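Observations on chain architecture
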Amino acid sequence: MPAPLQESQQSRPVPQGTGSIAGSFADILMEKLGEINTLQQQADALTQEYLAGKIEDVHQVMLALEQANLSLQLAMQVRNKAVEAYQEISRMQF
């Protein structure tokens, strides 16, 4: 289960300089995308086990699928906001 973003930021030391800030942001982003991928794979595995008859509890499968779906939707919204911010900055006149 992925850790909330607040917890991962609290456990990291505050970096100095812009290069380390960009590096830490990229590290956090890659970590969270990896967690989303893991959730998707777990949901797929549970679905396959349910279809094969190895799992009787459909609620477990549905919860895993919904958790994976919500995490993917959140990632897409973050991406959309980042693209929107980039486009807004690129339209600025200096």
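Scoring rules and cut-offs
Residues numbered from 1 in each chain as written. Predicted model: local features only at pLDDT ≥ 70, side-chain atom pairs only at ≥ 80, totals over all residues. Heavy atoms only, no water. Helix = DSSP H or I, 4+ residues; strand = E, 2+ residues; numbered from the N terminus. Buried < 20%, exposed > 50% of the residue type's maximum accessible area, 1.4 Å probe, protein only. Contact = heavy atoms within 4.5 Å. Areas by Shrake-Rupley, 256 points an atom, 1.4 Å probe, with all protein chains shown as cover. Patch = residues over 30% accessible without salt bridge, like charges linked within 9 Å, V, L, I, M, F, W, Y side chains within 5 Å. Salt bridge = Lys/Arg side-chain N within 4 Å of Asp/Glu carboxyl O. Polar contact = N/O pair within 3.5 Å; in protein donor to acceptor, adjacent residues only side chain to side chain. Expected span 1.5 Å × (residues − 1).

A few points about the overall build of the protein chain
Of the regular secondary structure elements, the protein chain holds 3 helices and 0 strands. Ordering the α and β elements of the protein chain from the N terminus gives α-α-α. Expressed as a percentage of the 94 residues in the protein chain, the buried residues total 14%. Partitioning the contacts of the protein chain with sequence separation of at least 6, the portion at a separation of at least 24 is 50%. As displayed, the protein chain offers around 7600 Å² of accessible surface, 61% of which is attributable to carbon and sulfur atoms.

Structural notes on a nonpolar patch on the surface
Residues Tyr50, Leu51, Val58, Met62 and Leu65 make up a contiguous nonpolar surface patch of roughly 450 Å² in combined accessible area. Elements that contribute at least two residues to the nonpolar patch include exactly helix H2 (18–51) and helix H3 (58–91). The element that contributes the greatest number of residues to the nonpolar patch is H3, accounting for 3 residues. For Met62, the position within the fold is in helix H3.

Description of the pattern of salt bridges
Inspection of the entire model under this criterion finds 2 salt bridges. Note that Glu35 is salt-bridged to Lys32, the shortest N-O span being 3.5 Å. In this pair, Glu35 and Lys32 are both assigned in helix H2, 3 residues apart and thus about one turn of the helix distant. Arg91 serves as the salt-bridge partner of Glu88, at 3.0 Å between the closest nitrogen and oxygen. Here Glu88 and its partner Arg91 are both found in helix H3, 3 residues apart, which amounts to about one turn of the helix. According to the relative accessible area criterion, Glu88 is partly exposed, its value standing at 45%. Judged by relative accessible area, Arg91 falls into the exposed class, the value being 55%.

As for the side chain of Ser71
With respect to the helices and strands, Ser71 occurs in helix H3. Here the side chain of Ser71 touches Ala68 through a polar contact of 2.9 Å, landing on its backbone oxygen.

Overview of H3
If you check H3, its first and last C-alpha atoms are 49 Å apart, about what 34 residues at 1.5 Å a residue would give, namely 50 Å. Of all the positions in H3, only Val61, Ala64, Ala68 and Ser71 are classed as buried. N-capping of H3 is provided by Asp57, with a side-chain oxygen placed 3.2 Å from the backbone N of His59.

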